[in-house]
Amino acid sequence: MGEIDVVVLVSRWLHIGAVVVAIGGAAFLRFVLTPAASSTLSEEDNNRLREAVRARWNKFVQGCVGLLLLTGGINFAMLAMPPKIEPMPYHAIFGIKFFAAMAVFFIASGLAGKSPAFDGMRAKSKKWLSLLLFLAAAIVLMSGVLAQVRSAGKSVSETTESVAATTSQPDQ
Ligand code: HEM
């Protein structure tokens, strides 16, 4: 068994922690709070609640986006730079994941922010939250594929190394 890398462990912990908070919060908003508030509150009260929730949730969104970018960058630098892995197919899948993550950050920031440019998005928040959750689910799946591609590549290179070491032993 190899040694535990504390930086990789802490970075992965924070990365997955931020995913749990951000995606869990978005699912709660989409499937619990928004429908419950619309079916019980007057339009005026519902608008006041929405604004109060938006202002508080915005801080979580900003924190989680910052943490995901930072820890994602650390994960990539520590785990996915050649010669540690073969660039293909890892980097191609990572490119799609990164692009999808930027779309998720864009939607999350638009919904939680207060810029008038995103009023239209906030007016259709259920639709945009559904798209965000769909993309997030795809990203979690792609991340699992990345981890498997990486460990599959590692076992191939470990096998090759051990075969090379055995065959290079001089005959006794
Ligand atoms: C919505 C945004 C994101 C979600 C939901 C997400 C989700 C995840 C999850 C669940 C893992 C753990 C996979 C596993 O070990 O099975 C992971 C790993 C990782 N993430 Fe993210 N992530 C996001 C954004 C980012 C960003 C922006 C970056 C890069 C800047 C990034 C880079 C990475 C890397 C390099 C790994 C390690 C993959 C491996 O094991 O080879 N992630 N991510």
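An account of the accompanying structure is given in this report. (Residues numbered from 1 in each chain as written. Predicted model: local features only at pLDDT ≥ 70, side-chain atom pairs only at ≥ 80, totals over all residues.)

### Details of the overall build of the chain
Inference 1: When you go through the chain residue by residue, the secondary structure sums to five helices and zero strands.
Inference 2: For the chain, the sequential pattern of α-helices and β-strands runs α-α-α-α-α.
Inference 3: A burial count over the chain gives 12% of its 172 residues as buried.
Inference 4: For the chain, the proportion of contacts with a sequence separation of at least 24, taken over those separated by at least 6, is 83%. (Helix = DSSP H or I, 4+ residues; strand = E, 2+ residues; numbered from the N terminus. Buried ≥ 20, exposed ≤ 12 C-beta atoms within 10 Å, placed from the backbone. Contact = placed C-beta atoms within 7 Å.)

### Brief notes about the nonpolar core
Inference 1: One finds V61, C64, V104, I107, A108 and L132 to be the most contacted residues of the largest nonpolar core, which totals 17 residues.
Inference 2: If you list the elements that add at least two residues to this core, you get α1 (6-40), α2 (43-79), α3 (87-112) and α5 (125-167).
Inference 3: For this core, the leading source of residues is α3, giving five residues.
Inference 4: Other than its neighbours up to four places away in sequence, A108 contacts V61, V65 and L132. (Core = buried A, V, L, I, M, F, W, Y, C linked by C-beta atoms within 7 Å.)

### Quick word on the packing of α1 against α2
Inference 1: In contact at an axis separation of 8 Å, α1 and α2 are set at 155° when each is read in the N-to-C sense. Relative to α2, the element α1 is oriented roughly antiparallel. Regarding α1 and α2, the two cross each other, and that crossing is left-handed. (Axes fitted to C-alpha atoms, helices over the stretch in contact; angles between N-to-C directions. Parallel < 35°, antiparallel > 145°, perpendicular 65-115°, else oblique. Left-handed = near helix turned anticlockwise from the far one by under 90°.)

### Some points on the site of the ligand
Inference 1: The immediate surroundings of the ligand are formed by 22 residues, with G72, N75, F76, S143 and A147 found nearest.
Inference 2: At the level of secondary structure, the elements contributing two or more residues to the shell around the ligand comprise α1, α2, α3 and α5.
Inference 3: Of the residues that constitute the shell around the ligand, the class distribution is 15 nonpolar, six polar and one charged. (Near = placed C-beta within 6 Å. Nonpolar A, V, L, I, M, F, W, Y, C, P; charged D, E, K, R; others polar.)

### Details of α2
Inference 1: In this model, α2 (37 residues) spans 50 Å end to end at C-alpha, consistent with the 54 Å of a helix rising 1.5 Å per residue.
Inference 2: Where α2 bends most, the angle comes to about 25°, and this point is W57.
Inference 3: Tucked inside the fold, the buried residues of α2 contact α1 and α3. (Expected span 1.5 Å × (residues − 1). Bend = angle between axes of the 7 residues up to and from the residue.)

No statement about biological role is implied by the geometric values presented.
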